[in-house]
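Residue-level structure breakdown
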Amino acid sequence: LFSSAPITGIGKHGVFLNDKYFLVQTSEGVTRYDVGEQPHPADSVRILNCTAIAVGNTGKVYISAGKKVFEYAGWNAIANGPEKTFNLQDNVTSLSLDNNGRYLAAGTYAGSIWLKKLGSSADAKTYALHKSSVNDIRFCKLPDGKLHTFRDEPLHRFPGILSGDSENQQKI
């Protein structure tokens, strides 16, 4: 699909912004592509050490770089700077939002999972669960609505999160 659409840097993630645009996150930033018969770059933003991206149902955009996660009101607001900046202890390797946009999760290079309830003044929680980098993280709905560890020991009443690759997935 995007073989004719050039990117700079090392491609990392892709996500739909809406039904008209697709975002490609690379090591050098994020490029917005117009989705059509011949996808082409519409515009881009340069973000050094860009590591992950997530887009909420409301259009909010979350971009990580190094040990920071930036929250933007939307793609067009990126030039104005982030609405919020979240500082983590370790370099971020992956991001995910739950379907309702209430929780933001980040996997880190050090193997921890950072979880923030958005819109809350409460501090984010960090869970040291892996011995290696958490390169993929996503939310899933568990039947009991609790957040579980691999051993199914309840930690909190948050939506479930899956982390790890398809062969080594853990419920936390």
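Residues numbered from 1 in each chain as written. Predicted model: local features only at pLDDT ≥ 70, side-chain atom pairs only at ≥ 80, totals over all residues. Heavy atoms only, no water.

What the rule picks out here adds up to 4 salt bridges. Across the salt bridge formed by Arg 32 and Asp 43, the nearest N and O atoms sit 2.9 Å from each other. Note that Arg 32 is positioned in strand β3 (residues 29-34) and Asp 43 in strand β4 (residues 40-46), a separation of 11 residues in sequence. A relative accessible area of 10% means that Arg 32 is categorised as buried. (Salt bridge = Lys/Arg side-chain N within 4 Å of Asp/Glu carboxyl O. Helix = DSSP H or I, 4+ residues; strand = E, 2+ residues; numbered from the N terminus. Buried < 20%, exposed > 50% of the residue type's maximum accessible area, 1.4 Å probe, protein only.)

Turning to its location among the elements, Gly 29 is positioned in strand β3. Its relative accessible area of 3% is what places Gly 29 among the buried residues. Distance in space between the C-alpha atoms of Gly 29 and Thr 8 is 8.4 Å, their sequence separation being 21 residues. Setting aside residues up to four positions removed in sequence, Gly 29 forms contacts with Val 24, Val 45, Arg 46, Ile 47 and Cys 50. (Contact = heavy atoms within 4.5 Å.)

What follows covers the sheet that holds strand β6 (residues 61-65). The strand order β5-β6-β7-β8 describes an open sheet built from 4 strands, whose pairing is antiparallel. Each edge of the open sheet carries a strand with a single partner, namely β5 (50-55) and β8 (84-87). Taking each pair of neighbouring strands and ignoring which way they run, the sheet shows an average axis angle of 20°. Where β5 and β6 come together, 5 bridges link them in antiparallel fashion. Its bridge partner being in β6, Ile 53 is matched across the sheet by Ile 63. (Pairing = 2+ DSSP bridges. Axes fitted to C-alpha atoms, helices over the stretch in contact; angles between N-to-C directions.)

Let us look at the nonpolar core. Counting 16 residues, the largest nonpolar core has Leu 17, Leu 23, Val 30, Ile 53, Val 61 and Ile 63 as the members making the most contacts within it. Of all the elements in the fold, those that place two or more residues in this core are β2 (21-26), β5, β6 and β7 (68-72). Leave out the neighbours within four places in its chain, and Ile 53 touches His 13, Val 15, Leu 23, Gln 25, Val 30, Val 61, Tyr 62, Ile 63 and Leu 95. (Core = buried A, V, L, I, M, F, W, Y, C linked by side-chain atoms within 4.5 Å.)

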